Amino acid sequence: MCLRPKDPQWNQALDDNVASQGPQGLSLRLGGMRVKSAIYAADRGRFTRSRSRLVSRLSEAGIEDERVLEAMGTVPRHTLIPEVLWGEAYKDQALPIGEGQTISAPGIVARMTQALALTGDERVLEIGTGSGYQAAVLSGLVASVVSVERIPQLAHEARKNLDTLQVTNVTIHEGDGTCGWPSSGPYDRILVTAGGPELPEPVLLQLKVGGALVGPFGPRDAQQLLRVVRQDQKRFSQQTLGACNFVDLIGEHGWAA
Ligand code: SAH
């Protein structure tokens, strides 16, 4: 069962964590833009031209947030997928990562990251770690990321890969992300990277007032990317950003396993 706001542990969990800050990434100034990245020393030298072509395509496709473009040009996506697929790493497509799951396509990662409207200080919850790619992109743009993955094997692999990239401000937990991760909340932003039938209420309640959630919801054949803003304790506003196609969000407030 998810923790609920009326459970005594919920407030406890929130109180304990409001004051605690995740570790901060290193800040560097690259080409005039602030992107935190000790991170990518590991494999930056490879596929640099493929990455800059990807950034040009993303820009042509309407990604305008310079920090998002910088982050997309920095994260070595190939290091988060099986080596046999490296030749495909910088095409705009989802790719298999095992366990029947996929790494999201760069285009949708960029769109969703841009829709979060990040300024650099946010504490972000990601639901669906998968390969860790989206978390790596976020890591350079925010203060800290808490990412939840339901498949232990993927959570381990992602942790290992993010360690190699020296990403220090992402914490990965195994569990049902449709319950959110209340013990580290509330969050400035929440990103859901698997498609659920409807907005999971416990997750919404872990959003700070003024904060935004972005994620795919609706019937499997008609998923919509939603952006939800918490107006006050009780009111949320919702905007539709377009059709999309994600793997299932499976859990107590998602699809059945
Ligand atoms: N953000 C990922 C996308 C992975 S695909 C990336 O950049 O690679 C979506 C992921 O969500 C899958 O790994 C799937 O196992 C996971 N998932 C599905 N339901 C979940 C749930 N209830 N809680 C946590 N993770 C979930």
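Above this note sits the structure.
Computed from a predicted model, the values in this text were never measured in an experiment.

Trainee: Quick question: what am I supposed to make of the overall build of the protein chain here?
Mentor: Tallying secondary structure elements over the protein chain gives seven helices and eleven strands in all. Each of the 257 residues in the protein chain was classed as buried or not, and the buried ones make up 54%. For the protein chain, the share of sequence-separated contacts (at least 6 apart) that also reach a separation of at least 24 residues comes to 58%. When the accessible surface of the protein chain is split by element, carbon and sulfur atoms take 51% of a total near 11400 Å².

Trainee: Quick question: what am I supposed to make of the state of the cysteines here?
Mentor: A covalent bond between the sulfur atoms of two cysteines is what we call a disulfide. The final tally for this structure, using the stated rule, is one disulfide. Here cysteine 2 connects covalently by a disulfide to cysteine 179, the sulfurs 1.9 Å from one another. Because the sign of the S-S torsion sets the handedness, a value of about -75° for the bond joining cysteine 2 and cysteine 179 places this disulfide among the left-handed ones. With a gap of 177 residues between them, cysteine 2 in the segment before helix 1 (8-18) and cysteine 179 in the loop between strand 7 (170-174) and strand 8 (187-192) connect regions that are remote in the sequence. Neither cysteine 2 nor cysteine 179 differs from the other in exposure class; each is buried.

Trainee: Even after reading the chapter, I still don't get the pairing of strand 11 (residues 236-243), so can you show me in this structure?
Mentor: The side chains of a regular strand alternate between both faces of the sheet. Pairing between strand 10 (residues 224-230) and strand 11: seven bridges, direction antiparallel. Within strand 11, the position partnered with arginine 227 by the bridge is glutamine 239. Two successive antiparallel strands, strand 10 and strand 11, enclose a turn made up of five residues.

Trainee: Any chance you could explain unusual backbone geometry here in plain terms?
Mentor: Trans peptide bonds make up the majority, and among non-glycine residues the majority have a negative phi. Geometrically, the link from glycine 185 to proline 186 is a cis peptide bond, its omega value of 0° lying close to zero. Summarising the element assignment, proline 186 is placed in the loop between strand 7 and strand 8. Located in the positive-phi region is phenylalanine 47, a residue other than glycine, with phi close to 60°. Here phenylalanine 47 is to be found in the loop between strand 2 (33-36) and helix 2 (48-60). The phi dihedral of alanine 117 is positive, around 50°, even though this residue is not glycine. Positionally, alanine 117 belongs in the loop between helix 4 (106-115) and strand 5 (123-127).

Trainee: For this particular structure, what's the right way to read the sheet that holds strand 8?
Mentor: Sheets are built from strands paired through backbone hydrogen bonds, the pairs being either parallel or antiparallel. Read from one edge to the other, the open sheet built from seven strands follows the order 7-6-5-8-9-10-11, with strand pairing classed as mixed. Both edges of this open sheet fall to strand 7 and strand 11, since each of them pairs with a single strand only. With direction set aside, neighbouring strand axes in the sheet form an average angle of 15°. Sheet contacts for helix 6 (residues 152-164): strand 6 (144-149) and strand 7; angle to strand 7, the most-contacted strand, approximately 165°.

Trainee: It is not clear to me how the nonpolar core should be interpreted in this structure. Could you clarify?
Mentor: When a protein is soluble and globular, its nonpolar side chains tend to lie buried together. By size, the foremost hydrophobic cluster in this structure holds 49 residues, and its most contacted members are Met72, Ile81, Tyr133, Val137 and Leu162. Listing elements by their share of this core, those giving two or more residues are helix 2, helix 3 (66-74), strand 3 (95-98), helix 4, helix 5 (133-139), helix 6 and strand 7. Setting aside its immediate chain neighbours within four residues, valine 137 contacts Ala71, Met72, Val75, Val109 and Thr113. Val203, Leu204, Phe217 and Val228 belong to the second-largest nonpolar core, a separate cluster that totals 17 residues.

Trainee: How should I be thinking about the site of the ligand in this particular structure?
Mentor: Inspection of the region around the ligand gives 26 residues, with Glu126, Ser131, Glu149, Gly177 and Ile250 positioned closest. In this structure, glycine 128 approaches the ligand through a main-chain N or O atom, which is 2.9 Å from a nitrogen atom. Serine 131 has a polar side-chain atom sitting 2.6 Å from an oxygen atom of the ligand. In isolation the ligand has 580 Å² of accessible area, and contact with the protein removes 99% of it.

Trainee: Looking at this structure, I do not really get the packing of helix 2 against helix 3. What am I missing?
Mentor: Each packed pair of helices is defined by two parameters, the angle between the axes and the distance between the axes. One can describe the packing of helix 2 onto helix 3 by two numbers: an axis separation of 8 Å at closest approach and a directional angle of 150°. Considered as vectors, helix 2 and helix 3 are oriented roughly antiparallel to each other. The crossing of helix 2 and helix 3 is right-handed. Note on element contacts: helix 3 touches helix 2 through Leu69, Met72, Gly73 and Thr74, opposite Arg51, Leu54, Val55, Leu58 and Ser59. Split into classes, the residues belonging to the contact of helix 2 with helix 3 amount to five nonpolar, three polar and one charged.

Trainee: Looking at this model, I keep getting lost on the pattern of salt bridges. Mind explaining?
Mentor: Summed over the entire model, instances satisfying the criterion amount to seven salt bridges. Among the ionic pairs, glutamate 122 bridges to arginine 189, the shortest N-O distance being 3.7 Å. On the criterion of sequence distance, the pair formed by glutamate 122 in the loop between helix 4 and strand 5 and arginine 189 in strand 8 is long-range, its members being 67 residues apart. Note on arginine 189: relative accessible area 13%, which makes it buried.

Scoring rules and cut-offs
Residues numbered from 1 in each chain as written. Predicted model: local features only at pLDDT ≥ 70, side-chain atom pairs only at ≥ 80, totals over all residues. Heavy atoms only, no water. Helix = DSSP H or I, 4+ residues; strand = E, 2+ residues; numbered from the N terminus. Buried < 20%, exposed > 50% of the residue type's maximum accessible area, 1.4 Å probe, protein only. Contact = heavy atoms within 4.5 Å. Areas by Shrake-Rupley, 256 points an atom, 1.4 Å probe, with all protein chains shown as cover. Disulfide = S-S within 2.5 Å. Pairing = 2+ DSSP bridges. Axes fitted to C-alpha atoms, helices over the stretch in contact; angles between N-to-C directions. Core = buried A, V, L, I, M, F, W, Y, C linked by side-chain atoms within 4.5 Å. Near = heavy atom within 4 Å. Polar contact = N/O pair within 3.5 Å; in protein donor to acceptor, adjacent residues only side chain to side chain. Parallel < 35°, antiparallel > 145°, perpendicular 65-115°, else oblique. Left-handed = near helix turned anticlockwise from the far one by under 90°. Nonpolar A, V, L, I, M, F, W, Y, C, P; charged D, E, K, R; others polar. Salt bridge = Lys/Arg side-chain N within 4 Å of Asp/Glu carboxyl O.

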